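# Structural characterization, general
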Amino acid sequence: MAAMRSMSRLLTSRALNTTIRRGYAEEMNFTFAAGNQVFYDGKSVKQVDVPSFSGSFGILPKHVPTLAVLKPGVVSVYEEDGGVKKIFVSSGTVTINEDSSVQILAEEAHPIENIDASAARELLTKSQSQLSSAANDQAKAEAEIAIEVSEALVKAAE
Amino acid sequence: MSAWRQAGLNYINYSKISAKLLRQALKSDLKADALKREASHLKVTKWEDGKPIKTSEY
Amino acid sequence: MLGKAVVQNAFFGQQQRGMATLKAISMRLKSVKNIQKITQSMKMVSAAKYARAERELKQVRPIGNGAKQFYEQAEIAPPEDVPQKLVIAITSDRGLCGAVHTSVARHIRTELAKDDQNIKVVCVGDKSKAILSRIYGKNIILACNEIGRLPPTFGDASKLADAVLKSEYKFGSGEIVYNRFKSVVSYQTSILPVYSLQSVAASPKLSIYDSLDDEVIQSYLEFSLASLLFYSMKEGACSEQSSRMTAMDNASKNAGEMIDKLTLTFNRTRQAVITRELIEIISGASAL
């Protein structure tokens, strides 16, 4: 539901922006930096799909300014030359500014081909048993986060 | 409100758990290097009235 | 640097008294040579550490710039009704690196001198703690150590950010004081702004940002505090290593100059001793 809402928002905002700013080259100044690696630094790309707490959404040039917090999942970057890069992010922030610059900052991010599917499944079982043995609210919440992350990892590695 | 925030965690805690799991799920040749980054040696001590409080390490 | 001062004093003291004994000079010469060896190897070590720190800093700069962008673009200002301020000093445990730590501490001390009621300080690194705790110990709410031996990690930054958030200190605005690395020979003590949820929510420009709720902004600010701290720690570490490299290079050069002077004095004294002995022998022989 949330995803649909953001999609429709995206479409309307985009339609609006193209009518207002027609004639400008549509460019997105895209930065994607994680604690372990910088993937893009001020590069122009076609589209970026990000998983966030308010639903997954796509970012096209001239997206309406917004802030979002990343959920563990796959960020897809559609590059100018037609290539698509899929990168798994642990967590972090997305900032879309008025000047159409987009920043994704993540604590840890890796291309999905670097994820080991069997290790991910193992983590899922481990975190499920962690949940069943959780003694208090905090430990339970931690285990729930772990399950959420490992589910996303398993899905991405498939 | 998210369940984890209600349980007294903040997004930094969330991020830490998530990043840790991602590192563990990496293919073995990349894992060793990634786990090295995880180590944190910083020690934080609370201060009150110009004196450190011994028992309150994070 | 300390060694230099001590040795130089002894050196001049000796000159005033006239001839030093050969033994004293040769001992001093040896000790200066040892000091030079130490400073030279420290320079080599910090040169290697600096190279690594600079490489890592390049990787982190986009994170720092990205985290700053929102504050700049949304034109967030500190709230006027909440005077409480948080200052985070980014230094390390280790000295012998020129003025990197003192310039951070001095910046904070001037601010505290203006208003020490509403400012609380978080000291990262033993050096800033040692300088600030003497007069403004009561303003310190958190102190961190075990930083500087190894390059800072995101884990370090998130641990600190977590501690700051859980310290229950309600601040309207804050700043991170750190040394921004410019080149091998220069760094600049700079500040990064940090804001609380209230001041961000009160910003008039926030309305142009689409569909925000408080929890998103809160999580966003939490993460951005951790990334800003991570970035400033990396900048600080790089400035520190480059400054230590320069300091140790200068120390080695000074030791070199001193060795030259001491060698000259040593040779002169030796010559004088020989001449004196000759005079003694000759005058002794002629007296017979």
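Read on for an overview of the structure. (Residues numbered from 1 in each chain as written. Chains lettered and ligands numbered in written order. Predicted model: local features only at pLDDT ≥ 70, side-chain atom pairs only at ≥ 80, totals over all residues. Heavy atoms only, no water.)

## Topic: the interface of chain C and chain B
Each partner contributes to the interface: chain C provides 32 residues, whereas chain B provides 24 residues. With both sides pooled, the region where chain C packs onto chain B buries about 2500 Å², and carbon together with sulfur makes up 55% of that total. Our enumeration of links across chain C and chain B arrives at 18 residue pairs in polar contact (both at pLDDT 80 or more). Looking at the side of chain C that touches chain B, the elements that each hand over two or more residues are helix H4 (126-136), strand E3 (140-145), helix H5 (154-165) and helix H7 (214-287) of chain C. When the residues that make up the side of chain C that touches chain B are grouped by side-chain class, the tally is 14 nonpolar, eight polar and ten charged. Where strand E1 (residues 43-48) of chain B lies against E3(C), four bridges are found, and the strand directions are antiparallel. (Contact = heavy atoms within 4.5 Å. Buried area = accessible area lost by both parts, 1.4 Å probe. Polar contact = N/O pair within 3.5 Å; in protein donor to acceptor, adjacent residues only side chain to side chain. Helix = DSSP H or I, 4+ residues; strand = E, 2+ residues; numbered from the N terminus. Nonpolar A, V, L, I, M, F, W, Y, C, P; charged D, E, K, R; others polar. Pairing = 2+ DSSP bridges.)

## What to know about empty space enclosed by the protein
For the structure on display, the rule yields one cavity of 30 Å³ or more. In this structure, the largest cavity encloses a volume near 50 Å³. A class-by-class count of the residues in the lining of the largest cavity yields four nonpolar, two polar and three charged. (1 Å grid on protein atoms, 1.4 Å probe; cavity = no way out; pocket = protein on both sides within 12 Å on 5 of 7 lines; lining within 4 Å. Points joined across faces, edges and corners; volume = space filled by probe spheres on them.)

## Here's the deal with helix H2 (residues 117-132) of chain A
The end-to-end C-alpha distance of H2(A) is 23 Å, a good match for the 22 Å that 16 residues give at a rise of 1.5 Å each. Packed against the buried residues of H2(A) are helix H3 (137-157) of chain A together with helix H2 (11-24) of chain B. (Expected span 1.5 Å × (residues − 1).)

## Side note on the environment of Leu150(C)
Residues and elements named next belong to chain C. Tracing the backbone shows Leu-150 in the loop between E3 and H5. In this structure Leu-150 comes out as partly exposed when scored by relative accessible area, which is 40%. Residues Leu-150 and Gly-64 lie 86 residues apart in sequence; the distance between their C-alpha atoms is 20 Å. (Buried < 20%, exposed > 50% of the residue type's maximum accessible area, 1.4 Å probe, protein only.)

## Looking at the pattern of salt bridges
All told, the structure shown has 18 salt bridges over all chains when counted by the stated rule. Its salt-bridge partner being Arg5(B), residue Glu215(C) comes within 3.4 Å of it at the nearest N-O pair. Highlighted residues: Glu215(C) in helix H7 and Arg5(B) in helix H1 (residues 3-6), drawn from two different chains. Judged by its relative accessible area of 21%, Glu215(C) falls in the partly exposed class. Notably, a salt bridge pairs Arg52(C) with Glu56(C), separated by 3.3 Å at the nearest N-O pair. Taken together, the positions of Arg52(C) and Glu56(C), both in helix H2 (residues 22-73) and four residues apart, correspond to about one turn of that helix. (Salt bridge = Lys/Arg side-chain N within 4 Å of Asp/Glu carboxyl O.)

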